[in-house]
Amino acid sequence: MKCILVVLSIQDGKIKRSSLEALTRAATIGEATSSPVHAVIMHSSAASFAAEAGSYGADTVFCLSDRIFDAHVNTPVLAGLTTVINQVDPKLIVAASTESIKDIAGALAIRIDAATLPDVASFDMVDGTVTCERPVMAAKMMAKTTSAHSRVLVTLRSGSYEAKASSGAGKMVEVPFEWDTNLLSATLKEIISTTGNTVDLSEAKVVVAAGRGVKDASGKALVDELASITGAAIGASRAVVETGLFPATAQIGQTGKVVSPDLYFAIGISGAIQHVAGMSNSRVIVAINKDADAPIFDVATYGLVGDCFKILPLLNDALRKALA
Amino acid sequence: MKFCVCIKQVPDVQASVQTGRMVLNAYDASAVEQALVINENGTDEIDLILIGPASATETIRKALAMGASNATHIVMENVADLDSSAIAHLLAESLKGSNYDAILTGKQSQDSDSGLAGGMLAELLGIPYATNAVGMEATADGLLVTRQGDTGQEMLVLKAPCLVTCSNDMNNPRIPSLKGIMGAKRTTINTVQAGPVGTPKTKVEKTFPPAGRAPGLKMEGEPEELVAQLITKLQQEAGAI
Ligand SMILES: Cc1cc2nc3c(=O)[nH]c(=O)nc-3n(C[C@H](O)[C@H](O)[C@H](O)COP(=O)(O)OP(=O)(O)OC[C@H]3O[C@@H](n4cnc5c(N)ncnc54)[C@H](O)[C@@H]3O)c2cc1C
């Protein structure tokens, strides 16, 4: 039986939760189809994450250790993955749909002759056919897409499945990897900015997102305060990324990130479909908007019609008390 | 720099699905815009390439009107049946042996949101690439690209020939001038029939509206009341705090 290979991403010294979600889903499918499930980790200290990967259901954890993987550059990542894929010959390759994975998915698919189902919300494998549901048209529609190709690459939206540790303990295999930096046709010059978010936006339990209604630095201060009280990561609409009030890394939506927190605050956001595409899977959505007809109220669990400059100071006080 | 920008005609996702209004993919418009900005003071021309039905000519004219010089239209009526890989192979076939400094694409299509064709094309052509670019400048022998990564922005140096997929966060595409529109009408578009494409590796079985969210509660009133109600709801009903 051909195996399933899960590509795990390491960020801030740990395996990304979305990668563990992908691994958990792969383990479920592996069990149902009696396919072995393997994982691959590429990082300067890849081996240190192997035990955790094993506990989430990987039978074998392939580790490629090289510092070149820590700063994301696509050429070595492609070379490393191709090495492992040629070695284990998987039927199905699964990865969390991060920017780093999106960066290599197309090129990898050509190099290893895989059909690709990108950015899926759910997937399964039955009798060698991989099926998925993926949002299209700025998530206005879902497309049920299938592939019966001999090899399929699936990238999975974060929050689509729950990550569950099992009792398994995987075997670790170190894969030798030599990288000649002279081979780099694209070189990383500099990593310029980060969000300043202490919580990873795409995996946060609570997200506070700001839109044009937040206006200026005084509005941003209220949003920052709400985020710090609730332990939230800060997100933003395109409008306030464009004005420079919030960093591009905070953008949520079709161009930006997809989030699915337990609690999402949309502050002064109109709810354009391209924004909603990135947040409509949040469990509870609280919207504050002074326009009672704003489309954000169509997706909000609780909609507060009013001025965020008046509501936020009161809400921050009340939440501080409620959470004390 | 000698640019070739790959563009696509997509349904207007802003309108309701039924209108059938077709537009230039927003991400591709940003790619065209950035090529124009980089070549502002030069004489190098910007070429376009589009795969699509005969009716997609209007989208090509739109990008020509922005300021691109030449266009190739690979005519393919049922383009919606093709997957990213088939598109990339057709583009690669057409671009093989060309001598562009850089090939640009949008980072994804507004309709399928796949984001694969650019990376696939770069791999087929064997050239370095960067995706999700939010900034791009010319260097002596290539491009300096700023891309949006997971936790920050990454600055990459690419040697020409190279490929870059562009985000709409890169710029605001210009509105074509009247002069541009008139000029675009006179441009001869190089029309070719699409060669054979293999069986697509993926198949869209059906599309359907997403489940949708349970109706929520919209509250109006004095800020104090709204906040008190919300806290109660979050604690007692939603269990969110
Ligand atoms: C291809 C494409 C991709 C896109 N991708 C994204 C994306 O990833 N993410 C994204 O967000 N957008 C995206 N957009 C842009 C999107 O269409 C909207 O333009 C954008 O989301 C609007 O941001 P906004 O809601 O903050 O601003 P606006 O639409 O201007 O809304 C501001 C809202 O604030 C309210 N408001 C104003 N003052 C107050 C106040 N004092 N108190 C309370 N409420 C107030 C107003 O009533 C209004 O509803 C994309 C667009 C395109 C074409």
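Conventions adopted
- Every chain is numbered independently, its residues counted from 1 as its sequence is written.
- Chain A is the first chain written and ligand 1 is the first ligand written, with later ones labelled in order.
- The model is predicted, so local features are restricted to residues of pLDDT at least 70 and side-chain atom pairs to those at 80 or more, both for listing and for counting; the totals for chains, interfaces and linings are taken over all residues.
- The basis for the side-chain values is all heavy atoms of the structure; hydrogens and waters are excluded.
- Numbering goes from the N terminus for both helices and strands, where a helix is a DSSP run of H or I of at least four residues and a strand is a run of E of at least two.
- Burial classes follow relative accessibility: with a 1.4 Å probe on protein chains only, a residue under 20% of its type's maximum area counts as buried, one over 50% as exposed, and anything between as partly exposed.
- Between two residues, a contact is recorded if the distance between any of their heavy atoms is within 4.5 Å.
- Using a 1.4 Å probe, the Shrake-Rupley method yields the accessible areas, and only the shown protein chains count as cover for residues.
- In this tally Asp and Glu are treated as negative and Lys and Arg as positive; neither His nor the chain ends contributes.
- By convention, the charge on Lys lies at NZ, on Arg at CZ, on Asp at CG and on Glu at CD.
- Under the pairing criterion, centres of Phe, Tyr and Trp rings, with the six-membered ring standing for Trp, must be within 6.5 Å; the plane angle then separates stacked pairs below 30 degrees from edge-to-face pairs above 60, leaving the rest tilted.
- Here, over-ring charges are defined by two tests on the NZ atom of lysine or the CZ atom of arginine: distance to the ring centre within 6 Å, and angle to the ring normal within 35 degrees.
- For two strands to pair, DSSP has to find at least two bridges joining them.
- Whether a residue is near a molecule or strand is decided by its heavy atoms; if any one of them lies within 4 Å of it, the residue is near.
- By the criterion applied in these results, polar contacts are pairs of N or O atoms within 3.5 Å in which, for protein atoms, one can donate a hydrogen and the other can accept it, and in which residues neighboring in sequence qualify only through two side-chain atoms.
- Classification convention: Asp, Glu, Lys, Arg as charged; Ala, Val, Leu, Ile, Met, Phe, Trp, Tyr, Cys, Pro as nonpolar; all other residues, Gly among them, as polar.
- Clockwise travel from the first strand over the helix to the second, with the strands pointing away from the viewer, marks a crossover as right-handed.
- Using protein atoms alone on a 1 Å grid, points that fit a 1.4 Å probe yet trap it form a cavity, whereas open point sets bounded by protein on both sides within 12 Å along at least five of seven lines form a pocket; residues with an atom within 4 Å of a point count as lining.
- Grid points are joined across faces, edges and corners, and a volume is the space filled by probe spheres set on the points.

**So, the overall build of chain B**
Line of reasoning, step 1. When helices and strands are counted, chain B shows 6 helices and 13 strands.
Line of reasoning, step 2. Out of the 241 residues belonging to chain B, those deemed buried represent 52%.
Line of reasoning, step 3. Considering only contacts within chain B whose residues lie at least 6 apart along the sequence, 67% involve residues at least 24 apart.
Line of reasoning, step 4. Taken as a whole, chain B presents about 10,900 Å² of accessible surface, with 51% of it coming from carbon and sulfur.
Line of reasoning, step 5. Across chain B, 19 positive and 27 negative side-chain charges occur, with their mean positions spaced 5 Å apart.

**Some words on the packing of aromatic side chains**
Line of reasoning, step 1. Inspection of every chain in the model, using the stated rule, returns 3 aromatic pairs over all chains.
Line of reasoning, step 2. Seen from their ring centres, Phe123(A) and Tyr161(A) are 6.2 Å apart, and the 90° between their planes marks the pair as edge-to-face. With Phe123(A) in strand 8 (residues 122-126) and Tyr161(A) in the loop between strand 11 (152-156) and strand 12 (171-174), the pair connects residues that are 38 residues apart, well separated along the chain.
Line of reasoning, step 3. Residues Phe177(A) and Trp179(A) carry aromatic rings whose centres are separated by 6.1 Å and whose planes lie at 5° to one another, so their mutual orientation is stacked. This pair shows no difference in class: Phe177(A) is buried, exactly as Trp179(A) is.
Line of reasoning, step 4. Of the aromatic side chains, those joined through ring pairs into one cluster are Phe69(A), Phe177(A) and Trp179(A).
Line of reasoning, step 5. Note that Lys206(B) overlies the ring of Phe208(B), its terminal NZ or CZ placed 5.2 Å from the centroid.

**As for the pairing of strand 17 (residues 284-289) of chain A**
When a strand is regular, its side chains alternate between the sheet's two faces.
All names here are of chain A.
Line of reasoning, step 1. Within strand 17, 6 of the 6 residues are buried, leaving the element largely enclosed by the surrounding structure.
Line of reasoning, step 2. Burial along strand 17 is two-sided: Val-284, Val-286 and Ile-288 facing one way and Ile-285, Ala-287 and Asn-289 facing the other are all buried.
Line of reasoning, step 3. Where strand 16 (residues 263-267) and strand 17 come together, 5 bridges link them in parallel fashion. The residue of strand 17 that forms the bridge with Leu-263 is Val-284.
Line of reasoning, step 4. Here strand 17 runs beside strand 18 (residues 302-305); their pairing, made up of 4 bridges, is parallel. Bridge pairing in strand 18 places Ile-288 opposite Leu-304.

**Topic: the site of the ligand**
Line of reasoning, step 1. If you check the shell around the ligand, you find 30 residues, and the closest are Arg212(A), Ser237(A), Ile252(A), Ser270(A) and Asn289(A).
Line of reasoning, step 2. The residues that come close to the ligand belong to more than one chain, namely chains A and B.
Line of reasoning, step 3. Between the ligand and Gln274(A) there is a distance of 2.8 Å, counted from an oxygen atom to a side-chain nitrogen or oxygen.
Line of reasoning, step 4. Across the complex, the protein chains shield 84% of the 990 Å² of accessible surface that the ligand would expose by itself.
Line of reasoning, step 5. Of all the secondary-structure elements, those providing two or more residues to the shell around the ligand are helix 6 (238-242), helix 7 (273-276) and helix 9 (308-323) of chain A together with helix 1 (26-38) of chain B.
Line of reasoning, step 6. For the shell around the ligand, the per-class residue count stands at 8 nonpolar, 16 polar and 6 charged.

**Brief notes about unusual backbone geometry**
Line of reasoning, step 1. With an omega dihedral of -5°, the bond running from Ala160(B) to Pro161(B) counts as a cis peptide bond.
Line of reasoning, step 2. A positive phi angle, close to 50°, is found at Asp12(A), a residue other than glycine.
Line of reasoning, step 3. Positionally, Asp12(A) belongs in the loop between strand 2 (10-11) and strand 3 (14-15).
Line of reasoning, step 4. With a phi angle near 55°, Asp119(A) is a residue other than glycine that sits in the positive phi range.
Line of reasoning, step 5. With respect to the secondary-structure elements, Asp119(A) resides in strand 7 (residues 115-120).
Line of reasoning, step 6. Residue classification places Asp119(A) among the buried residues on the basis of a relative accessible area of 13%.

**Considerations on the pairing of strand 5 (residues 60-65) of chain A**
Residue and element names in this part refer to chain A.
Line of reasoning, step 1. Counting buried residues along strand 5, 5 of its 6 residues qualify, which places the element largely inside the surrounding structure.
Line of reasoning, step 2. Taken together, the 6 bridges between strand 4 (residues 37-43) and strand 5 define a ladder with parallel strand orientation. Its bridge partner being in strand 5, Ile-41 is matched across the sheet by Cys-63.
Line of reasoning, step 3. Once the chain exits strand 4 it traverses helix 2 (residues 50-55) before rejoining the sheet at strand 5, and the crossover so formed is right-handed.
Line of reasoning, step 4. In the sheet, strand 5 pairs with strand 12 via 4 bridges, with the strands oriented parallel.

**Description of the layout of surface pockets**
Line of reasoning, step 1. Of the pockets and cavities examined, the second largest pocket occupies roughly 970 Å³.
Line of reasoning, step 2. Taken together, 45 residues form the lining of the second largest pocket, with Arg212(A), Arg238(A), Ala272(A), Gln274(A) and Gln14(B) sitting closest to its centre.
Line of reasoning, step 3. Counting residues per element, the ones that place at least two in the lining of the second largest pocket are helix 6, helix 7, strand 17 and helix 9 of chain A together with strand 3 (22-24) and helix 1 of chain B.
Line of reasoning, step 4. Top contributing element to the lining of the second largest pocket by residue count: helix 1 of chain B, with 4 residues.
Line of reasoning, step 5. For the lining of the second largest pocket, a count of residues per class yields 15 nonpolar, 20 polar and 10 charged.

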